[in-house]
Amino acid sequence: MAAVETAPPYVRKDGRQATELRSKQIKLSELYHCSGSCLYSQGSSSVLAAIHGPSQQQQGGGAGSQQNNHTAYTSDHRCCASGEERCEVVVRLQHAAANRSAPAGGAEKLLHAQKEKSTRHRVDAQELLPLVHNSVLSVFMTELFPRQVLTVDVFILETDGSVASVCVNSVMAALLDSGLPCRTTVAAVSVSVMLPPPSAASLQQQQQQEMVLWLDTTAEEESGASPAAGFHTVCVGTFIFANPNSGGGLVGSHLKPTTTCYPPLTTSANGSAAAAPVVSTDVFLSMLQLAEKASPLLFQFFRNCNEPLEQ
């Protein structure tokens, strides 16, 4: 089983150690025509979140319909035991790049650029929307607003790695800015699993190589375009924790394999490559523990920005 190291002796390209988060910035009430909003940046990743409502449900398509280049995710949250109706939560995601003009260079280049933007938007939506949606449901007191709709707009302004955690943190701060009742607050932390690049070593030797965990990886580190110290990212995990002052605990998690990760490190009986989990249970638990240790730094950051984390 591969070992896991969380404090390597080298420094990453941006000067951080493996267990350091990037610098953070937060601006509240950036938008006036909504219940609450937040512009949250972590390193060069930046997300603007806006809260609308709760408001009465509309007949027909409702707030969850797809419009204005948004990709929407909605679920009517109901209590099956008692039949009590609750507030419907709708999360809509939009990339700022989707509205930018494509670079000049001929029709073929324009089509290629548009296809790349569309693909990235679709992939991000599939991964981010359920994660953000479940986070909102875990904190917002939907039972207080029956037959109403809460709409959450998420605008990804800049993407430089660990985007999922930046989205969740931005939405949480926007919820607090809105003053809506929340049973707890959450903070999201991204942890990446790193491995040395493939070598001439045997498969068994590769399996014994140490995995290294990095917090809050950049897009360059996640893509492996210029891996620091010869390491490549195997997967990026996002872990969402509740505020320790309200009981704490893991609210949600998501693992995303990278396109530059290793081929499967297991073989079948006939020697051919066989499917393997992204990470082992032990590595996952190490990722969880590292993320949990880092989460108080985010809660403290919000507290220093005069965010009322304790309801």
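Within an unreviewed UniProt entry, the label attached to the protein chain reads Ribosomal rRNA processing protein 41B, and the organism entered is Strigomonas culicis. Quoted straight from UniProt, the Subcellular location (unreviewed entry) entry for the protein chain says "Nucleus". The UniProt entry for the protein chain carries the following comment under Sequence similarities (unreviewed entry): "Belongs to the RNase PH family."

Draft legend 1. Region of the structure containing the packing of aromatic side chains. If you walk through the whole model with that rule in mind, you get 5 aromatic pairs. Judged by centre distance (6.0 Å) and plane angle (50 degrees), the rings of tyrosine 40 and phenylalanine 302 are tilted. A residue pair is termed long-range when its members are at least 10 positions apart, and tyrosine 40 in strand S3 (residues 36–42) and phenylalanine 302 in helix H5 (residues 281–304) qualify at 262 residues. Judged by relative accessible area, which is 0%, tyrosine 40 ranks as buried. Geometrically, the ring pair formed by phenylalanine 301 and phenylalanine 302 is tilted, given 5.9 Å between the ring centres and 55 degrees between the ring planes. The class of phenylalanine 301 is buried, set by a relative accessible area of 15%. Judged by its relative accessible area of 2%, phenylalanine 302 falls in the buried class. Over the ring of phenylalanine 301 we find lysine 24; its NZ or CZ atom is 5.6 Å from the centre of that ring.

Draft legend 2. Main features of the nonpolar core. Core analysis: the biggest nonpolar cluster contains 64 residues, and Val136, Leu150, Val154, Leu175, Val191, Val193 and Met287 have the highest contact counts within it. Looking at which element gives the most residues to this core, the answer is helix H2 (residues 163–178), with 11 residues. Each residue touching valine 136, except ones within four places of it in the same chain, is listed here: Val89, Leu150, Val152, Val171 and Leu175. Ranked by size, the runner-up nonpolar core spans 5 residues in total, among them Met194, Val212, Trp214 and Phe231.

Draft legend 3. Just the side chain of serine 162, in detail. By the element assignment, serine 162 lies in the loop between strand S7 (148–158) and H2. Relative accessible area serves as the criterion here: at 2%, serine 162 is assigned to the buried category. When residues no more than four places from it in sequence are discounted, the contact partners of serine 162 are Arg22, Ser190, Asp216, Thr217 and Glu222.

Draft legend 4. A look at unusual backbone geometry. Cis peptide bonds are those with omega within 30 degrees of zero, and the linkage from glycine 53 to proline 54 qualifies with 5 degrees. Along the chain, proline 54 falls in strand S4 (residues 45–56). A positive phi angle, near 55 degrees, is found at serine 29, a position not held by glycine. On the basis of relative accessibility, which here comes to 38%, the residue serine 29 falls in the partly exposed class. Residue arginine 147 is not a glycine yet carries a positive backbone phi of 60 degrees. For arginine 147, the position within the fold is in the loop between helix H1 (107–139) and S7.

What counts and how
Residues numbered from 1 in each chain as written. Predicted model: local features only at pLDDT ≥ 70, side-chain atom pairs only at ≥ 80, totals over all residues. Heavy atoms only, no water. UniProt positions renumbered as here; feature names shortened; annotations may be inferred. Phe/Tyr/Trp six-rings, centres within 6.5 Å; stacked < 30°, edge-to-face > 60°. Helix = DSSP H or I, 4+ residues; strand = E, 2+ residues; numbered from the N terminus. Buried < 20%, exposed > 50% of the residue type's maximum accessible area, 1.4 Å probe, protein only. Lys NZ or Arg CZ within 6 Å of the ring centre and 35° of its normal. Core = buried A, V, L, I, M, F, W, Y, C linked by side-chain atoms within 4.5 Å. Contact = heavy atoms within 4.5 Å.

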